[in-house]
Amino acid sequence: MTFPFVLTGSLWPLALIQAAGLLAIAPLFTGISRVLRARMHNRQGPGVLQEYRDIAKLLQRQSVAPAASGPAFRTMPWLLTGIMLVIASALPVVTLASPAAGAGDLITLIYLFALARFVFVIAGLDTGSPFTGIGASREAVLGVLVEPILLLGLWIAALVAGSTALSAISAQVLHWPLSSSLTLLLAGLACAFATYIEMGKLPFDMAEAEQELQEGPLTEYSGATLGVLKLGLSLKQLVVLQLFLGLFLPFGLAAEPTPFGLLIATALCLAKLLVAVLLVALIENSVARLRFLNTSRTTWAGFGLAFLALVSWLIAG
């Protein structure tokens, strides 16, 4: 299936609007997750808007950097947030087609996610602090363990769709070919597993392990740069989640960019994000943090699902 606006060009105004919209609501969904955690722990906890208040206070304060830090440390929050905004503009959020046609390709998005992890790790190593160094090394190891799962799962979906374009994958999954049902189901489960880990939730939040490493790579950040970093990390969680929802649960996405269709698609998108955030928070607060050495054994389960999806595709083909 093809769509007129997929072929004629990109929808840059919509791309900018949805990127700004995801950035604006990212702290809200973080706040919802914090409230649910408090309720599950029998605590009153902060309000839903507390994340906005925290970021606003940090942005008004002076940033202090270690004497040994360099450009990598100082620019990372801005680079991370900028990369996430580019990805957010390209995702199928309210339309089946990617609003940013140039960036709406699976290979491009994979490179952008890898770049975001790279600058995050390098910034941790750039401070000279042992805490940030350990946190950065853990983040790098986690990337090595998780990215192959996400890459293979998304690649299988692209093979089924016959294209690496996000719009083609969403359209194919929306119409759910019966001949590829098992393949898409296994690939979706593998990507869901990788998405949960990429969001930095328990039991896989080793890099930021607050009780052990003093927030890991975030230790040395303060003031406005910490505020920007918290905003970027909140956006990253939402972007990773929306990537999964847009590709594997694309129901409700508008096939034509009409005002009424976009309005309905926006409402359904927010509803899906809310349900997904609640489900993630429920899982996160039902498990304990893994020991770092046990992480690789657990992530093999996700890679096994992705490998079974590949085998299923080969058999079906």
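Everything quoted here is computed from the prediction, not taken from an experiment. (Residues numbered from 1 in each chain as written. Predicted model: local features only at pLDDT ≥ 70, side-chain atom pairs only at ≥ 80, totals over all residues. Heavy atoms only, no water.)

## Some words on the packing of helix α5 (residues 106–125) against helix α6 (residues 130–161)
At step 1: Relative to each other, α5 and α6 sit at 175°, their axes nearing to 9 Å. Accordingly, the angle class assigned to the pair α5 and α6 is roughly antiparallel. Where α5 approaches α6, its residues L106, I110, A114, R117, F120, V121, G124 and L125 are matched on the opposing element by T132, G133, A136, E139, A140, L142, G143, E147, L151, L154, W155 and A158.
At step 2: Of the residues that constitute the contact of α5 with α6, the class distribution is 13 nonpolar, four polar and three charged. (Axes fitted to C-alpha atoms, helices over the stretch in contact; angles between N-to-C directions. Helix = DSSP H or I, 4+ residues; strand = E, 2+ residues; numbered from the N terminus. Parallel < 35°, antiparallel > 145°, perpendicular 65-115°, else oblique. Contact = heavy atoms within 4.5 Å. Nonpolar A, V, L, I, M, F, W, Y, C, P; charged D, E, K, R; others polar.)

## Observations concerning empty space enclosed by the protein
At step 1: Applying the stated criterion across every chain, the model contains two cavities of 30 Å³ or more.
At step 2: Its boundaries defined by the atoms lining it, the largest cavity holds a volume of some 90 Å³.
At step 3: What lines the largest cavity is a set of 13 residues, among which F29, T30, M199, Q237 and V277 lie closest to the centre.
At step 4: Residue assignment for the lining of the largest cavity shows that the elements contributing at least two residues are α2 (12–40), α10 (223–248) and α11 (259–284).
At step 5: Broken down by class, the residue content of the lining of the largest cavity amounts to eight nonpolar, four polar and one charged.
At step 6: Its boundaries defined by the atoms lining it, the second largest cavity holds a volume of some 40 Å³.
At step 7: Together, L150, L154, C191, T195, V240, L243, F244, L247 and F248 line the second largest cavity.
At step 8: Elements represented by at least two residues in the lining of the second largest cavity include exactly α6, α8 (181–198) and α10.
At step 9: Broken down by element, the lining of the second largest cavity gets its largest block of residues, five residues, from α10.
At step 10: Split by residue class, the lining of the second largest cavity holds eight nonpolar, one polar and no charged. (1 Å grid on protein atoms, 1.4 Å probe; cavity = no way out; pocket = protein on both sides within 12 Å on 5 of 7 lines; lining within 4 Å. Points joined across faces, edges and corners; volume = space filled by probe spheres on them.)

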